[in-house]
Amino acid sequence: MKVIATVVGNYPRPRWFREYLRKVEGLQKDLDVEIEKDVLRRAISEVLDEQRRAGIEIMTDGQLTWHDFLLTIASRLEGFEMDGLVRYFENNLYYRIPIVKDKVRRVGKILHDFEIAFDIERNLKAVLSCYTVTKLSKNEFYKRYDDFLWDLCKSIKEEMKELESMGVRYVQIDEPSLLYVDKSEIELLKDAFRELTDIGSETILMTYFDSAEKIFPEILDFGFDVIGLDFVEGYEENLNIVKEFSFENINVGIVDGRNTKMEDLGDLKEKFERIVSSGNFKKVFISPNTGLEFLPRVKAYEKMQLVSKLKEVIE
């Protein structure tokens, strides 16, 4: 069994970069503002260096210019307009509602930051989403949800193909909304995700905020190379999943990415061993259960160190 230390997505911005963004974006957080490439490269380099020093093997660009998860993806596609703020799941976070006003199309790169990060560090995974963007958007254009989903799927697939052509080995698709899917949508999603995952890069499905018991065993036919489960907020239920169903590669989100309290390494080791002993995995990624952006930076770094220490004690 191969074990790999990784992170989920976002990371706290360096203080100097937060101040820079405040100046160039203004109070309204102007989405069209141009960020100097040298400045962005410096910030990304700093975040990548912290991940590297903490022992993270597969990193992310930190999503340093992302205002929120949906806003960044939707605002870089044609067809969306952005509306007011609503709560993001049951968290004390908010996102701007993307409103679909026209046919959704990809008209340029979505992951601007990633290209800079990939030039610095190749042990990097790109992070995108598809289904969750459709479920948390307000559709005022498409008469059929299926058409909306397929147009967005096509746009995200175009981005993924470009990433593949760059030599990107890992593409992560974040889908927290998948945990609350209506069973009537499963077949549609199966077809959409199988299309999305039909690339040469390794695809990782990341779920969090709850257990994934509602989408098993159907999810095993979605075509993802790795399935990510939240073992912080859905530990017992997700443990039952790995006992009952067989799949080769898993992302174990076991360190709490939204709590400054540091877990006990011995407790984590015991939990991890219960998880992996229940399955027959060839590859196991260890990570926080969510991104680390909303932790103080020193705590985010300590959480990453905890992930790498956990890998050391189980090998």
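A short tour of the structure in this document, coming up.

The subject of this paragraph is the packing of aromatic side chains. A full pass over the atoms with the stated rule returns 15 aromatic pairs. Relative to Tyr 235, the ring of Phe 231 has its centre 6.2 Å away and its plane inclined at 70°; by these criteria the two rings are edge-to-face. Grouped by ring-pair contacts, the aromatic residues Phe 80, Phe 141, Tyr 142, Tyr 145 and Phe 148 constitute a single cluster. Directly above the aromatic system of Tyr 145 lies the positively charged group of Lys 135, at a separation of 4.8 Å from the ring centroid. Residue placement shows Lys 271 over the ring face of Tyr 235; its charged tip is 5.2 Å from the ring centre.

An order of β1-β10-β9-β8-β7-β6-β4 is seen for the seven strands of this open sheet, with the pairing classed as parallel. The open sheet has two edge strands with one neighbour each: β1 (2–5) and β4 (125–128). The sheet shows a mean angle of 25° between the axes of neighbouring strands, direction not considered. Where strand β6 (residues 170–174) meets strand β7 (residues 202–206), five bridges bridge the pair, whose relative direction is parallel. Paired with Val 171 across the bridge in β7 is Thr 203. Sheet strands in contact with helix α6 (residues 145–166) are β4, β6 and β7, and its direction is about 175° off that of β4. Where helix α10 (residues 297–314) meets the sheet, its contacts fall on β1, β9 (249–255) and β10 (283–288), and the angle it forms with β10 comes to roughly 150°.

Ranked by internal contacts, the top residues of the largest apolar core, which has 96 residues, are Leu 178 and Leu 229. Sequence-distant contacts of Leu 229, defined by excluding residues within four places in its chain, comprise Thr 207, Ala 212, Phe 216, Asn 238, Ile 241, Val 242, Phe 247, Ile 250, Asn 251, Val 252 and Gly 253. Counting residues in hydrophobic clusters, the runner-up holds ten residues, among them Val 8, Ile 58, Phe 209 and Phe 285.

A few words now on the pairing of strand β8 (residues 226–230). Buried residues dominate β8, accounting for five of its five residues. As paired elements, β7 and β8 share three bridges and run parallel to each other. Within β8, the residue paired with Leu 205 across the bridge is Ile 227. Pairing of β8 with β9, which is carried by four bridges, proceeds in the parallel orientation. Bridging across to β9, Ile 227 finds its partner in Ile 250.

Two numbers describe how α6 lies on helix α7 (residues 186–196): the axes approach to 9 Å, and their chain directions differ by 15°. The orientation of α6 relative to α7 falls into the category roughly parallel. Of the two elements, α6 crosses α7, and the hand of that crossing is right-handed. Residues Tyr 145, Asp 146, Leu 149, Trp 150, Cys 153, Ile 156, Lys 157 and Met 160 of α6 touch α7, and the partners they reach there are Leu 188, Leu 189, Asp 191, Ala 192, Glu 195 and Leu 196. Looking at the contact of α6 with α7, its residues break down into ten nonpolar, no polar and four charged.

Turning our eyes to something else, we now look at the pattern of salt bridges. Taken as a whole, this structure holds 27 salt bridges when the rule is applied. Across the pair Asp 146 and Arg 144 runs a salt bridge whose closest N-O atoms are separated by 3.5 Å. Because the salt bridges share partners, they merge into one network encompassing Arg 106, Lys 109, Glu 115, Glu 159 and Glu 162.

A separate point is the environment of Ala 54. By the element assignment, Ala 54 lies in helix α2 (residues 37–54). Counting along the chain gives 233 residues from Ala 54 to Ser 287, while the straight-line C-alpha distance between them is 12 Å. Not counting residues within four places of it along the chain, the set of residues in contact with Ala 54 comprises Tyr 301, Met 304, Gln 305 and Ser 308.

Rules of the game
- Residues numbered from 1 in each chain as written.
- Predicted model: local features only at pLDDT ≥ 70, side-chain atom pairs only at ≥ 80, totals over all residues.
- Heavy atoms only, no water.
- Phe/Tyr/Trp six-rings, centres within 6.5 Å; stacked < 30°, edge-to-face > 60°.
- Lys NZ or Arg CZ within 6 Å of the ring centre and 35° of its normal.
- Pairing = 2+ DSSP bridges.
- Helix = DSSP H or I, 4+ residues; strand = E, 2+ residues; numbered from the N terminus.
- Axes fitted to C-alpha atoms, helices over the stretch in contact; angles between N-to-C directions.
- Contact = heavy atoms within 4.5 Å.
- Core = buried A, V, L, I, M, F, W, Y, C linked by side-chain atoms within 4.5 Å.
- Buried < 20%, exposed > 50% of the residue type's maximum accessible area, 1.4 Å probe, protein only.
- Parallel < 35°, antiparallel > 145°, perpendicular 65-115°, else oblique.
- Left-handed = near helix turned anticlockwise from the far one by under 90°.
- Nonpolar A, V, L, I, M, F, W, Y, C, P; charged D, E, K, R; others polar.
- Salt bridge = Lys/Arg side-chain N within 4 Å of Asp/Glu carboxyl O.

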